[in-house]
Amino acid sequence: MLILKCPYCGVDAEETELAAGGEAHLKRFGPGSSDDEFHDYLFMRENPKGVHFERWRHANGCGKWFHAARCTQTLEVFGTYSAQVTEPPQEIRDAITAKRPGWTWREFE
Amino acid sequence: MRHYSAFAVAREGLRYHTGWERAWRSPEPKRRYDVIIVGAGGHGLATAYYLGKNYGIHNVAVIEKGWLGGGNTGRNTTIIRSNYLQDSSAAIYEKARGLYEDLSQDLNYNIMFSPRGVLMLAQTQHEIRGYQRTAHANNLQGVSTEFIGPQKVKEIVPIINLEGPRYPVLGALWQPRGGTARHDAVAWGYARACSAMGMDIIQQTEVTGVRTHDGRVVGVDTTKGPIDCEKLGMVVAGNCSVLSEMAGFRLPVESVALQALVSEPIKPCMDVVVMANTVHGYMSQSDKGEMVIGGGTDAYNNYTQRGSFHHIEETVRALVETFPMVSRLKMLRQWGGIVDVTGDRSPLISKTPVENCFVNAGWGTGGFKAIPGSGWAMAQLMATGHSSLAEEFTMTRFREGKFIDESVAAGVAH
Ligand SMILES: Cc1cc2nc3c(=O)[nH]c(=O)nc-3n(C[C@H](O)[C@H](O)[C@H](O)COP(=O)(O)OP(=O)(O)OC[C@H]3O[C@@H](n4cnc5c(N)ncnc54)[C@H](O)[C@@H]3O)c2cc1C
Ligand SMILES: [Zn+2]
């Protein structure tokens, strides 16, 4: 069972306590954006085999949204972090690099 | 290839079964093929088969990283139905269901198609209206389905509990010519027929790169070295995003785990397939007597072919309330597959931004039933550049807002 530490209440939450929220750090495109940008924002989710960044909600706990960095190939969790950031913090990136040197994900590395 | 027949069984019986040949060859790859198909699941093998049968294209390789049929094709719960809502879906799924009817004869391989009937239970008022709408749509599409009341459901499935603790059974969408088939046999039958046409099925060989020149595909890199081709078909289900990335484009697909389980074998107790989408579980009985059970997908991206345990619990709970007699059954095995899900729950059978490179993916939780129709359409698209069956299933349909929305209609789309 997937276990993620909620960065807000500190609980090691089991999967049944959590709700998955899909790809993290989306840039929202609205009126005035190009067709390509709007299409990709709505329909083109990242689907990597490997390092992935996601939103999760501690639904049956404190109720708050947070971020997680995970490997979709091994189900290993690299870390969780606050929802109040627009990109993965350095310590999370370092934790991933320690295990997956040279990783990239979207514009991040 | 030696023909399978009752006579062959008798002949082999008389000489201690020493004369059976291997069902397919296992050749080393050639330097070049007219067409390379990546992925020897049902859809890839069916594509190769109809390229040969319908278009006379025989210089074909099907490249498989594991063993043929070892992906979702060998992991699914084998439900076959064509009672979809949208016209383009009904067309391709009904084409497939129709081809399944005499596929055993066509392939000279017993795929054990069993049109035993599929029931999709309506357990809320909303579901009743939804299925009545589907039944009307199916009438117009020429797909034979019917909305039936609870008493008829009970006649067809005596072990069902109409007055479940949470949701009563209010009726059902009934497709009498839906059913099941033997999943491995579908892959094996197509593989044997492809091999007999001279095609190479190359197992234990992973495609690691897609080579292009001036925006055209020219070949693939594999763990057995580079292989050239004129045309390339990517038919790798949950791995389609990995393949498309090799070719330099993206697909509107996410990969998630879907699980199934089977019980110990018991005496025949249910001779149809029952899907209960509100409580979220479905069940049929295999010829061996095992109850074959499935439910919903996990909610997060996953490539491990392992799903979350609590989904099994949810599925079993749903079935115990629908069929109280299964509550004391022991479960024998459980497994998972990685399914490729699109935003509108409909597949992609499409040209791609790379010339002569085609994709067939996005069948998600429900593509076993589609294998013959999908292969038929994909072969037509690859051979002629156009297929009316595949026309609407382009990878660009989201941009134009032309969804083929089966997510509302199906809920659980197996
Ligand atoms: C538990 C479960 C239950 C299901 N139940 C049903 C059901 O009841 N009814 C129904 O209609 N559908 C069902 N489905 C869906 C159905 O199984 C799939 O839609 C269908 O089998 C997909 O077939 P495919 O040929 O596209 O993919 P697959 O059978 O997965 O074949 C793809 C192949 O590509 C290979 N591959 C991947 N990457 C590479 C590479 N780089 N190089 C070479 N080869 C590669 C894989 O090894 C694999 O063998 C279910 C699925 C699951 C997992
Ligand atoms: Zn919390």
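Residues numbered from 1 in each chain as written. Chains lettered and ligands numbered in written order. Predicted model: local features only at pLDDT ≥ 70, side-chain atom pairs only at ≥ 80, totals over all residues. Heavy atoms only, no water.

### Re the packing of helix H3 (residues 87-101) of chain B against helix H10 (residues 371-384) of chain B
All names here are of chain B.
Then, in step 1: Contact pair H3 / H10: the axes reach a minimum separation of 6 Å and the direction vectors enclose 110 degrees. As summarised for this structure, H3 and H10 are arranged roughly perpendicular, according to the angle between their axes. Regarding H3 and H10, the two cross each other, and that crossing is right-handed. Packed against H3, whose contacting residues are Ile92, Lys95, Ala96, Leu99 and Tyr100, the element H10 presents Ile371, Pro372, Gly373, Ser374, Trp376 and Ala377 at the interface.
Then, in step 2: For the contact of H3 with H10, the per-class residue count stands at 8 nonpolar, 2 polar and 1 charged. (Axes fitted to C-alpha atoms, helices over the stretch in contact; angles between N-to-C directions. Helix = DSSP H or I, 4+ residues; strand = E, 2+ residues; numbered from the N terminus. Parallel < 35°, antiparallel > 145°, perpendicular 65-115°, else oblique. Left-handed = near helix turned anticlockwise from the far one by under 90°. Contact = heavy atoms within 4.5 Å. Nonpolar A, V, L, I, M, F, W, Y, C, P; charged D, E, K, R; others polar.)

### Remarks on the coordination of the zinc ion (ligand 2)
All names here are of chain A.
Then, in step 1: The coordination sphere of the zinc ion (ligand 2), as far as protein atoms go, consists of Cys6 (SG), Cys9 (SG), His58 (ND1) and Cys62 (SG), spread over 2.0 to 2.3 Å.
Then, in step 2: Around the zinc ion (ligand 2), the 4 donor atoms sit at angles spanning 100 to 118 degrees, and that spread fits a shape best called tetrahedral.
Then, in step 3: Here the donor residues of the zinc ion (ligand 2) are spaced in sequence according to C-x2-C-x48-H-x3-C.
Then, in step 4: Since its relative accessible area comes to 1%, His58 is described here as buried.
Then, in step 5: Here Cys62 falls in the partly exposed class, since its relative accessible area comes to 37%. (Donors = N, O, S within 2.8 Å, 3.2 Å for Na, K, Ca; no water. Tetrahedral: all angles 85-135°; square planar, octahedral: opposite > 155°, others 65-115°. Buried < 20%, exposed > 50% of the residue type's maximum accessible area, 1.4 Å probe, protein only.)

### Focus on the packing of helix H2 (residues 42-55) of chain B against helix H7 (residues 183-196) of chain B
Residues and elements named next belong to chain B.
Then, in step 1: Where H2 contacts H7, the axes come no closer than 9 Å and their chain directions differ by 35 degrees. Once H2 is placed against H7, the crossing between them reads as left-handed. Contacts from Leu45, Ala46, Ala48, Tyr49 and Tyr50 of H2 reach H7 at Ala187, Tyr190, Ala191, Ala193 and Cys194.
Then, in step 2: Split into classes, the residues belonging to the contact of H2 with H7 amount to 10 nonpolar, no polar and no charged.

### Here's the deal with H3 of chain B
It helps to recall that an α-helix has 3.6 residues per turn; residues three or four apart then point in one direction.
Then, in step 1: The terminal C-alpha atoms of H3 of chain B lie 21 Å apart, and with 15 residues this matches the ideal 21 Å at 1.5 Å per residue to within 8%.
Then, in step 2: Along H3 of chain B, the residues that are buried comprise Ser88, Ser89, Ala90, Ile92, Tyr93, Ala96, Arg97, Leu99 and Tyr100 of chain B. (Expected span 1.5 Å × (residues − 1).)

### Observations concerning the packing of aromatic side chains
A ring pair, where both rings are aromatic, is described by two values, the distance of the centres and the angle of the planes.
Then, in step 1: In this structure the tally under the stated criterion is 18 aromatic pairs over all chains.
Then, in step 2: On the numbers, 5.8 Å between centres and 40 degrees between planes, the contact of Tyr100 of chain B with Phe368 of chain B is tilted. Pair noted here: Tyr100 of chain B is in helix H3 and Phe368 of chain B is in the loop between strand S18 (357-361) and H10, with a separation of 268 residues, a long-range link.
Then, in step 3: On the accessibility criterion, Phe368 of chain B (7% relative accessible area) is buried.
Then, in step 4: A connected cluster of aromatic rings, assembled from ring pairs, spans Phe53, Trp103, Trp105 and Phe108 of chain A. (Phe/Tyr/Trp six-rings, centres within 6.5 Å; stacked < 30°, edge-to-face > 60°.)

### With respect to the site of ligand 1
Residues and elements named next belong to chain B.
Then, in step 1: Lining the immediate environment of ligand 1, one finds 38 residues, of which Glu64, Asn72, Thr73, Thr77 and Lys369 sit closest.
Then, in step 2: Between ligand 1 and Lys65, the relevant distance is 3.0 Å, taken from a nitrogen atom to a main-chain nitrogen or oxygen of the residue.
Then, in step 3: Gly364 is positioned such that a nitrogen or oxygen atom in its backbone is 3.5 Å from an oxygen atom of ligand 1.
Then, in step 4: Taken together, the elements giving at least two residues each to the shell around ligand 1 come down to H2, strand S12 (253-265) and strand S16 (331-342).
Then, in step 5: At 3 residues, the largest contribution of residues to the shell around ligand 1 is made by S12.
Then, in step 6: Both of domain 1 (27-82 + 85-105 + 183-251 + 344-410) and domain 2 (118-179 + 255-342) provide at least three residues apiece to the shell around ligand 1. (Near = heavy atom within 4 Å. Polar contact = N/O pair within 3.5 Å; in protein donor to acceptor, adjacent residues only side chain to side chain. Domains from an automatic or database assignment.)

### Quick word on the pattern of salt bridges
Then, in step 1: Counted by the stated rule, this structure contains 31 salt bridges over all chains.
Then, in step 2: Here Asp200 of chain B makes a salt bridge to Arg25 of chain B, at a shortest N to O gap of 3.4 Å. In this pair, Asp200 of chain B sits in strand S8 (residues 200-202) while Arg25 of chain B sits in the loop between helix H1 (6-14) and strand S1 (32-38), placing the two residues 175 residues apart along the sequence.
Then, in step 3: Taking relative accessible area as the criterion, Asp200 of chain B reaches 5% and is therefore assigned buried.
Then, in step 4: On the accessibility criterion, Arg25 of chain B (38% relative accessible area) is partly exposed.
Then, in step 5: The shortest N-O distance in the salt bridge between Arg116 of chain B and Asp287 of chain B comes to 3.6 Å. Residue Arg116 of chain B is found in the loop between helix H4 (103-107) and strand S4 (118-122), and its partner Asp287 of chain B is found in the loop between strand S14 (281-285) and strand S15 (290-301); the two are separated by 171 residues along the sequence.
Then, in step 6: Judged by its relative accessible area of 62%, Asp287 of chain B is exposed.
Then, in step 7: Each of Glu23, Lys27, Arg45, Arg106 and Glu107 of chain A takes part in a single network of salt bridges with overlapping partners. (Salt bridge = Lys/Arg side-chain N within 4 Å of Asp/Glu carboxyl O.)

By themselves, these observations are geometric and do not establish any function.
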